[in-house]
Amino acid sequence: MLPTNHKTIFVLDHTPYFGISSDFPIDFDVSKSRGAGYVPLPAICKSLWTCSVEASVEYCRIVWDLFPEGKLVRFIVSDAAAHILNTWALAQQNLTHILNGLCLVGPVRRGAGGDVVGLCAAIESLAEASPIQSSRPSTERLFQNRGRIICITSARDDDSIRSLAEIAMNTLVQQNKKASVAQPPTTTDASTSTQSLVVHYCHLVIINVTPEKAETRVNNQPLTEMGGGIMGVEVIVCRASTLANLLGKLVLPHYRLAITTVTGIPMKEEQNASSSANYDVEIVHSAEAHAGLRASQTAAEATESVVLRWWTPRGAEGGAGGCNGPLWRVTPADVASRPSACLVNFLLNGRSVTLEVPTKAGCRSASHVLAAQGGELWIGALGGRTPYEDPPALSEGAGGRVTDYRIKEFGALMQQNKIHPLRGNGSNTRARTKLQRHTTYWPLTISSTLIFNLGSVMEPLTRLVVQESLTEDEVESCRGVLLSLLGMETRHEFPSAQLPTNLRGKSSGRREEQWRQVWGELEALVRAHSNSSPHRALLRTLLECKSHNHSNEGDSSRATVIRATTDSPLSPVGAGNGNGDVWAPRNALDALLGAPRPPRRPDFAGRLTAGNRIATLYPQMQQDVETQN
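Residues numbered from 1 in each chain as written. Predicted model: local features only at pLDDT ≥ 70, side-chain atom pairs only at ≥ 80, totals over all residues. Heavy atoms only, no water.

## A closer look at the packing of helix H1 (residues 48-66) against helix H6 (residues 243-255)
Viewed as axis vectors pointing N to C, H1 and H6 meet at an angle of 30 degrees, and their least axial separation amounts to 9 Å. One element, H1, and the other, H6, form an angle in the roughly parallel class. Of the two elements, H1 crosses H6, and the hand of that crossing is right-handed. Counting all contacts with H1, which are made through Cys-51, Ser-52, Ala-55, Ser-56, Tyr-59, Ile-62 and Val-63, the residues of H6 involved are Leu-243, Ala-244, Leu-247, Leu-250, Val-251, His-254 and Tyr-255. Looking at the contact of H1 with H6, its residues break down into 11 nonpolar, three polar and no charged. (Axes fitted to C-alpha atoms, helices over the stretch in contact; angles between N-to-C directions. Helix = DSSP H or I, 4+ residues; strand = E, 2+ residues; numbered from the N terminus. Parallel < 35°, antiparallel > 145°, perpendicular 65-115°, else oblique. Left-handed = near helix turned anticlockwise from the far one by under 90°. Contact = heavy atoms within 4.5 Å. Nonpolar A, V, L, I, M, F, W, Y, C, P; charged D, E, K, R; others polar.)

Laid out in structure tokens, this is it:
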């Protein structure tokens, strides 16, 4: 099925009314350095005809720049007769042919006529087959002949617009009747074929143009379906001075385009070549280029410009060949401006530029690249990270200061749990089990643990206990560490000198609390790796050492240990839930896999009752007021 924008027809009103002034003065005398006694030139005003021609031609320029093939545009000038300036042939789809035809039509002359004859000719032109449609077999079931007519006119009131739409609707119905009863051509030559097609849908856009100071009784009307859905009529009212901007905005939804504002372009000044200033240039391209920047956008956001900053990194390789993703054609929104011309010349000279998304944090994030290939401008989206992009800072994530993370230890954890392709049944389960053992108790920050900050005091226990299995000598080494800790606790000592400098003044209170946290963390660590008999023997030794000095403290001591080992905003959620387990039942692996977090508190009852509606506070107060009244 061909889209509606496959065929577009402009109907330009060429009646005497369009010969009047637009009442929008333009300063023609741009030179201000005249001597005394010089009489400045008066301002000039364009006619309505000139405004409509310039705006429609600029619409076509954008379409033909971005779509060299497949998007066809025709021009029909309507006065006493319908002057068809071009056909659907590809050789006549260019600005040179259109401008030559407009020159032959000439300026607005006196005489009768209107836009009705041109609108009827436009509907007949929609029934003509384009080269793509002529090449398709007539038996194709999904063949749809759809098109758009943009009629630039000026009416008195809404009734005149409604009458114009009804005339177009009746003409479309009559044209479809002729096309349905017409016999197919006997010749197979598409160029000599006179067969007319049925118009399945016509999007009629009526633009009512008025001078700057004139009043109008025509109102904007949204898209309205007529004739059972075969025609959609849309009415837009605008001043002649804003007609070019209006068509520049209409071309975006008509062809699914988007605008990017390239900001911060360094450019030499004309008056002073030694100085430079930053300029902004708007470029038009396919809306698919913004897919990574706007995952879900509204209709209003689609017409807004996306701002990207000019950035040429040092050592970057030029050309669009460095972009691995798709490329889309680019054309300037204002082709006559000096900044746009400088940007186009810069790219056509073989240079390229990287565009980045402006961020408040100051880090660079390259998103697109602008370059020229084959004499045409292209924009490409940079997929993934680029070598010029600054790495993200750890401080931007959830958690505390960047210096508080155990970055070096986390790198060692990743090295220990590299996943390699293994053969045999259960290899995936073994790798997952190993990762779960290593992450069941693994503090994320330095300030949330003691045993991993005591250094040589805990060696080699913290290094050996994470192994798959332990030998007798390794078990004895770990037992020696436990007995050494027990002796220090008995002598009421604590190895504070082994702690980092920033933690020495932030000890968790009394020495007894520190030892409770040490024994609690050790139990959580050894229990997490108790997958073999040597590990379980080491766990029994640990429990005996722990109960030696804490046998009479009961459950209150155990709760204190749990709080000491889990009271941290970065500890796994669920630790210390009072069920008798010291280690956190929700490990770091489950957190990375996105296991749901238990709610910290019950939700507000009024919100649960309201559902999707807004919850009302104190509804009983309103009921009391209604009862009193």
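## Topic: the sheet that holds strand S8 (residues 221-226)
Here we have seven strands laid out as an open sheet, ordered S5-S4-S1-S6-S7-S9-S8, and mixed in their pairing. Both edges of this open sheet fall to strand S5 (82-84) and S8, since each of them pairs with a single strand only. For this sheet the average axis-to-axis angle between neighbouring strands, irrespective of direction, equals 20 degrees. In the sheet, strand S1 (residues 7-13) pairs with strand S6 (residues 146-153) via five bridges, with the strands oriented parallel. Pairing of Thr-8 across the sheet is with Arg-148, part of S6. (Pairing = 2+ DSSP bridges.)

## Section: the pattern of salt bridges
According to the stated counting rule, one finds 15 salt bridges in the structure shown. Across the pair Asp-159 and Arg-162 runs a salt bridge whose closest N-O atoms are separated by 2.6 Å. Of this pair, Asp-159 and Arg-162 both sit in helix H5 (residues 158-181), three residues apart, which is roughly one turn of the helix. On the accessibility criterion, Asp-159 (51% relative accessible area) is exposed. One salt bridge in this structure joins Glu-459 and Arg-463, with 3.4 Å as the shortest N-O distance. (Salt bridge = Lys/Arg side-chain N within 4 Å of Asp/Glu carboxyl O. Buried < 20%, exposed > 50% of the residue type's maximum accessible area, 1.4 Å probe, protein only.)

## A closer look at unusual backbone geometry
Of note, the amide linkage connecting Glu-459 to Pro-460 takes the cis form, showing an omega dihedral of 0 degrees. Inspection of the secondary structure assignment puts Pro-460 in the loop between helix H10 (427-440) and helix H11 (461-464). Look at Arg-256: it is not a glycine, yet its phi comes out positive at around 55 degrees. By the element assignment, Arg-256 lies in the loop between H6 and strand S10 (257-268). For Arg-256, a relative accessible area of 53% puts it in the exposed group.

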